[in-house]
Amino acid sequence: MSGLPMPLQHWFAARGWQVRPHQAAMLAAAQRGEHALLVAATGAGKTLAGFLPVLADAAAKPGLKALYVSPLKALAADVERNLLRPIAEAGLALTVETRTGDTSSDAKKRQRTSPPDILLTTPESLSLLLTYPDALPMLGTLETLIVDEIHAFATSKRGDLLSLAAARLQMLNPNLRRVGLSATVADEAGMAYWLAPDLPVTIVHGAAAAAAEIGIMVPDGRIPWAGHNARHAAAEVVRLIEQHRQTIVFVNTRAVAELVFRDLWAENRHSLPIGIHHGSLAAEARLKTEAALVSGRLRAVVATSSLDLGIDWGDVDLVVQMGAPKGAARLLQRVGRANHRMDEASRAVIVPGNRFEYLESLAAFDAVAAGELDAEPFRDGGLDVLAQHIMGLAIAEPFHADALFAEVTSAAPYATLARDTFDRVLGFIATGGYALKAYDRYRRLVQQADGRWRLTHPRLAVQHRLNAGVIVEAPAMRVRLGRGKALGSIEEWFGSQLRIGDRFMFAGQTLELTGCDETDLFTKLSRGEPSVPAYVGGRLPLSTNLAARVRAMLADSVQWQRMPADVREWLALQQRHSVLPPQDRLLVETFPRDGRFHAVLYGFEGRNAHQSLGMLVTQRMERLGLQPLGFVATDYVLGVWGLQPIADPAALLSADILGDELEAWIRATPFLKRAFRDVAVVSGLVERLQPGKKKSGKALAVSTDLIFDVLQRHDPGHLLLEAAWAEASAKLTDMARLKALLERAESSLLVQHLSRVSPLAVPVMLEIGREGVSGMAEEALLAELAG
């Protein structure tokens, strides 16, 4: 056990443990002063390995030694519990504290002058800490930065914020070591670069955990034609819950969590305690559910990604994934919540919602078995995030632009940032830009005689700290039971449509609206058929890796033998009536039905890319006189229909559709203004919160829409318009996959003109049926297919 002090050696020996190779490698990297990325270790063992060099150096000089950053406040609290035990039992002279949004202001103030040895925090809380002048000496003693679940940060705005904070910490202490931890990294070299750009990083592989046991549920031997939530299998899922100690039932959206929770209780003949957990529930409700899970008082919990990450949730021995997982890494992450130990296999069951989801589930099963994870592309850092970060640093102390530019470009997302773009960001913070510089409220920085930049007024520090953060939630209204405690929140656009007496489902209960004001909905418990709150965004996209596996599976009839009989029959019928989508070509089918003419494109590029293409194609159909009536997009296919035959699908899919037509479409949608609202909030141009009050979503929209219109007219090259366009096109269109789809259309289009609907098109036609295009859709379609 070389490298460990005697107290830690005794602690290991008392448990019969040996220092594992990956733990020894982490110790050795620390002794050499190298940055380290630990991959493929799970659970508390991963966290302990990350902290082991810090614990081994417990006798070092006083002050803050290690800063641990996690994506979840709950994960920071869980790590605190797991760290305190070895520290106490080994008698180490180390203190551990958390600093998150739940930490009291008194504790935060004390931490800046009397810090613990180890501080556990989140990117947002770290960024805020950097705005305090008295925190800089405290951070100057920092030796180790540990980033847990690093994969959850690297391709997001939260990662942009964290990487900029890490660059500042490195400036304060050039010898700072960075450590990244994750069990699901696809691109190890890319992740190591993101962690510490252009610096040597030791990549350490943890001991392999026992292989996961994953099954795919096929209730009664059949898979539904359509549907997305796997709610048809509620009775079978309850039987699984009865057979296991504790189960987490994962779903992909908050709305589905409410529906599945209700379905499970309807089948819960033994009244087993089943809870619900998602991000719109009040913190008190979430913490109560977490505590009940850890203590064993719950037999199951229905959860979204709010319980995805590496927390040790009690005695969970089964994970159920309702609906397809959308990515192999996400499935592996969720499966890891069961039997959260290295030496026991995690057990999971996937419940596909339809036949395409069955194929996707099988592809995810194969990808996990092959150790093949989804690699999300790294991205350039957001300019709105950079503006927020620069403002925060100015609050702490004045800065020289040249030195700050060098610091910012040492962060991976900003490594290629041009100096003129940096200067534009700085000018935006200083004046608001050309069209806004006449207004004092947008003048936030001024250059001193010595060349350094400083705040124009101290009050800006208070406003910044109130509004900082990069997660812009949709405007929400609190849901209260009576006039009492808040159960959580629903999005304002949904709440504003409710009328007195309307019933809706929330927090696993049916509520009836009894009254409301600008920010609150007052309710009582009720019965009857409720509506379900819908949430903007939240859908998980199908990964490129799984899409490629599904295409390969369709093209290889040998693989069909693993599938249920009805899925095999479905694919064989498709082969007989049309063709199956080739792996290297893009299939489009056209056929008439009920006086309309349909085209179905089998793109497998995800809902966003298909939806964007649907909008563009129907616009082009209008121009060509094809009289489009609508379209429907899924992760797998795009279906469009109109009143005229679609004789030449290639004319609808040429690459030039991404030119003027795409721009005109994005400008015509509300999404560009919504994206502008988000970047305006993140960059600090507008504030959601003022001391003692909060802007309603409507008021925020009015102010940002007004600024948007002014900039469009008088300053069309404004930095935030550029940032909003980048955000809208990335989020709305999934531009990279849309381009890939059109490239396939141009080079390898395969068109099948049919006389009737094909078997593979039935699921998307049923989606159209749900929109009211035709009644008794399933029966009519299946009769037509049989004929």
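Note that the coordinates shown come from a computational prediction; the quantities given were computed from them, not determined experimentally.

Parameters and conventions
- Once a new chain begins, its residue numbering starts again from 1 and follows that chain's sequence as written.
- The predicted origin of the model limits local features to residues at a pLDDT of at least 70 and limits the giving and counting of side-chain atom pairs to 80 or more, whereas totals for whole chains, interfaces and linings rest on all residues.
- Water and hydrogen atoms were dropped before computing side-chain values, which therefore reflect all heavy atoms in the structure.
- Secondary structure counts use DSSP, requiring at least four H or I residues in a row for a helix and at least two E residues in a row for a strand, with both numbered from the N terminus.
- Residue burial is assigned from relative accessible area. The probe radius is 1.4 Å, only protein chains are included, and a residue is buried under 20% of its type maximum, exposed over 50%, and partly exposed in between.
- Note on contacts: a residue pair qualifies if any of its non-hydrogen atoms lie within 4.5 Å across the two residues.
- Computed with the Shrake-Rupley method and a 1.4 Å probe, the accessible areas treat only the protein chains shown as cover for residues.
- For this count, His and the chain ends are skipped, Lys and Arg are scored as positive, and Asp and Glu as negative.
- Charge positions come from single atoms, namely NZ of Lys, CZ of Arg, CG of Asp or CD of Glu.
- At least two DSSP bridges between two strands are needed for those strands to be called paired.
- For helices, the axis comes from a line fit to the C-alpha atoms of the stretch in contact; other axes are also lines fit to C-alpha atoms, and the angle between any two N-to-C directions lies between 0 and 180 degrees.
- The rule for a salt bridge is simple: a side-chain nitrogen of Lys or Arg has to be within 4 Å of a carboxyl oxygen of Asp or Glu.
- Each polar contact in these results corresponds to two N or O atoms within 3.5 Å; when the atoms are within protein, one needs to be able to donate a hydrogen and the other to accept it, and residues that are neighboring in sequence are counted only if both atoms are side-chain atoms.
- This arc describes the spread of directions from the helix axis toward the C-beta atoms.
- Here a pair means two rings of Phe, Tyr or Trp (six-membered ring of Trp) with centres within 6.5 Å. Their orientation is stacked below 30 degrees between planes, edge-to-face above 60, and tilted elsewhere.
- In this scheme, Lys NZ or Arg CZ marks a charge over a ring once it lies within 6 Å of the ring centre and within 35 degrees of the ring normal.
- Residue count minus one, scaled by 1.5 Å, sets the expected span of a helix.
- By convention a nonpolar core is built from buried Ala, Val, Leu, Ile, Met, Phe, Trp, Tyr and Cys residues, the set being connected through side-chain atoms within 4.5 Å.
- Each residue gets a pLDDT score, which is the predictor's confidence in that residue and runs from 0 to 100.
- Here is the rule for angles: anything less than 35 degrees is roughly parallel, anything more than 145 is roughly antiparallel, 65 through 115 is roughly perpendicular, and the remaining ranges are oblique.
- Side-chain classes follow a simple rule in which Ala, Val, Leu, Ile, Met, Phe, Trp, Tyr, Cys and Pro form the nonpolar group, Asp, Glu, Lys and Arg form the charged group, and the remainder, Gly included, forms the polar group.

Caption draft 1: Seen up close, the overall build of the protein chain. Within the protein chain, the regular secondary structure consists of 30 helices and 27 strands. Taking the principal axes of the C-alpha coordinates as reference, the protein chain spans close to 80 × 70 × 55 Å. Residue burial in the protein chain is summarised as follows: out of 787 residues, 56% are buried. Contacts in the protein chain between residues at least 24 apart in sequence constitute 73% of all its contacts with a sequence separation of at least 6. In the structure as shown, the protein chain presents an accessible area of about 31500 Å², 53% of it carried by carbon and sulfur atoms. One way to put it: in the protein chain the 84 positive side-chain charges average out to a point 5 Å from where the 86 negative ones average out.

Caption draft 2: Geometry of unusual backbone geometry. The phi dihedral of Lys326 is positive, around 75°, even though this residue is not glycine. Judged by relative accessible area, which is 7%, Lys326 ranks as buried.

Caption draft 3: Quick peek at the sheet that holds strand β9 (residues 247-250). Read from one edge of the open sheet, 6 strands run β8-β13-β12-β9-β11-β10, paired in parallel fashion. Each edge of the open sheet carries a strand with a single partner, namely β8 (213-216) and β10 (274-277). For this sheet, the mean inter-axis angle between neighbouring strands, taken without regard to orientation, is 20°. With 4 bridges connecting them, β10 and strand β11 (residues 300-303) associate as parallel partners. Considered in β11, the bridge of Ile276 is made with Val302. Relative to strand β12 (residues 318-322), helix α10 (residues 234-243) is tilted by about 170°, and along the sheet it contacts β9, β10, β11, β12 and β13 (347-351). Sitting on the sheet, helix α13 (residues 328-335) is in contact with β8, β9, β12 and β13, with an inclination near 145° to β12.

Caption draft 4: Structural context of the side chain of Gln463. In this fold, Gln463 is placed in helix α18 (residues 459-467). Gln463 gets classed as buried once you look at its relative accessible area, which sits at 17%. With residues near it in sequence (within four places) discarded, Gln463 still touches Glu687 and Gln690.

Caption draft 5: View of the environment of Val637. On the secondary structure map, Val637 appears in the loop between β23 (628-633) and β24 (638-642). Note on Val637: relative accessible area 2%, which makes it buried. Residues Val637 and Leu436 lie 201 residues apart in sequence; the distance between their C-alpha atoms is 45 Å. Here Val637 is in contact with Phe356, Val600, Leu601, Tyr602, Gly603, His610, Val632 and Val764, once residues within four sequence places are set aside.

Caption draft 6: Layout of the pattern of salt bridges. This structure, assessed with the given rule, holds 32 salt bridges. As a salt-bridge pair, Asp160 and Arg379 come within 2.9 Å of each other at their nearest N and O atoms. Taken as a pair, Asp160 in helix α8 (residues 157-172) and Arg379 in the loop between α14 (355-369) and α15 (383-396) lie far apart in primary sequence, 219 residues in all. One salt bridge connects Asp566 with Arg355, and the closest N-O pair in it is separated by 3.5 Å. Pair noted here: Asp566 is in helix α21 (residues 565-577) and Arg355 is in helix α14, with a separation of 211 residues, a long-range link. Residue Asp566 shares its accessibility class with Arg355, and that shared class is buried. Among the ionic contacts, a cluster of salt bridges with common partners joins Lys157, Asp384 and Glu727.

Caption draft 7: Spatial organisation of the sheet that holds strand β19 (residues 509-516). Spatially, 5 strands are ordered β17-β16-β20-β19-β18 in an open sheet, and the strand pairing comes out mixed. Either end of the sheet is taken by a strand with one partner, and the two such strands are β17 (486-491) and β18 (503-506). Neighbour to neighbour, the strand axes of the sheet diverge by 45° on average, direction disregarded. In this sheet, strand β20 (residues 520-525) lies alongside β19 in antiparallel orientation, the contact comprising 5 bridges. Counterpart to Glu512 in the pairing with β20 is Lys524.

Caption draft 8: Structural context of the side chain of Glu124. Within the fold, Glu124 resides in helix α6 (residues 123-129). The class for Glu124 is buried, based on a relative accessible area of 18%. At 2.8 Å, the side chain of Glu124 forms a polar contact with the side chain of Arg158. In this structure, Glu124 is in contact with Arg158, Leu161, Gly469, Val470 and Ile471, ignoring residues within four places of it in sequence.

Caption draft 9: Structural context of helix α16 (residues 401-408). By the burial criterion, the buried members of α16 are Ala401, Leu404, Phe405, Glu407 and Val408. For α16, the angular spread of buried residues about the axis comes to 160°, placing them on one side. Away from its buried face by more than 90 degrees, α16 exposes Asp402 and Ala403. Along its buried surface, α16 packs onto α8, α15, α17 (419-431) and β15 (453-455).

Caption draft 10: Local environment of the pairing of strand β2 (residues 66-69). Neither face of β2 is left uncovered, since the one carrying Ala66 and Tyr68 and the one carrying Leu67 and Val69 both have all their residues buried. Here 4 bridges tie β2 to strand β4 (residues 118-121), and the two strands are oriented parallel to one another. For Tyr68, the partnering residue across the bridge sits in β4 and is Leu120. In this structure, β2 lies alongside strand β5 (residues 144-147), joined through 4 bridges in parallel fashion. Residue pairing across strands places Leu67 opposite Leu145, the latter belonging to β5.

Caption draft 11: Expanded view of the packing of aromatic side chains. Scanning the model with the defined rule gives 9 aromatic pairs in all. Counting every residue linked through ring pairs, the aromatic cluster contains Phe356, Trp570, Phe604 and Tyr636. Looking at Arg355, its charged tip hangs above the ring of Trp225, at a distance of 4.0 Å from the centre.

Caption draft 12: How the structure looks around α14. End to end, α14 covers 21 Å across 15 residues, agreeing with the expected 21 Å (1.5 Å per residue, within 8%). Of all 15 residues making up α14, 13 are buried, and the element is well covered by its neighbours. The N-cap of α14, judged by a side-chain oxygen 3.0 Å from the amide nitrogen of Phe356 a few residues on, is Asn354. Following α14 by one or two positions, Gly371 has its phi on the positive side, about 65°.

Caption draft 13: Seen up close, the nonpolar core. Core analysis: the biggest nonpolar cluster contains 80 residues, and Phe422, Leu445, Leu653 and Phe676 have the highest contact counts within it. For this core, the element with the most residues is α15, which contributes 9 residues. When near neighbours in sequence (up to four residues on either side) are disregarded, Phe676 contacts Leu685, Thr704, Ile707, Phe708, Leu711, Leu720, Leu721 and Ala724. Counting residues in each nonpolar core, the second largest holds 60 residues, with Ala363, Trp560, Met563 and Trp641 among its members.

Caption draft 14: Focus on the confidence of the model for the protein chain. Residue-level pLDDT values for the protein chain average 85, and 92% of them are 70 or greater. Element-level mean pLDDT values for the protein chain span from 52 in helix α30 (residues 777-786) up to 97 in α16. Scored below 50 in pLDDT, residues 770-778 makes 12 contacts in the model with residues more than four places away or belonging to other chains.

Caption draft 15: Broad picture of the packing of α14 against α21. In the contact formed by α14 and α21, the axes pass within 11 Å of each other and the chain directions differ by 105°. Put simply, α14 runs roughly perpendicular to α21. Taken together, the residues of α21 that come into contact with α14 (itself represented by Arg355, Phe356, Tyr358 and Leu359) are Asp566, Val567 and Trp570. Residues of the contact of α14 with α21, tallied by class, amount to 5 nonpolar, no polar and 2 charged.

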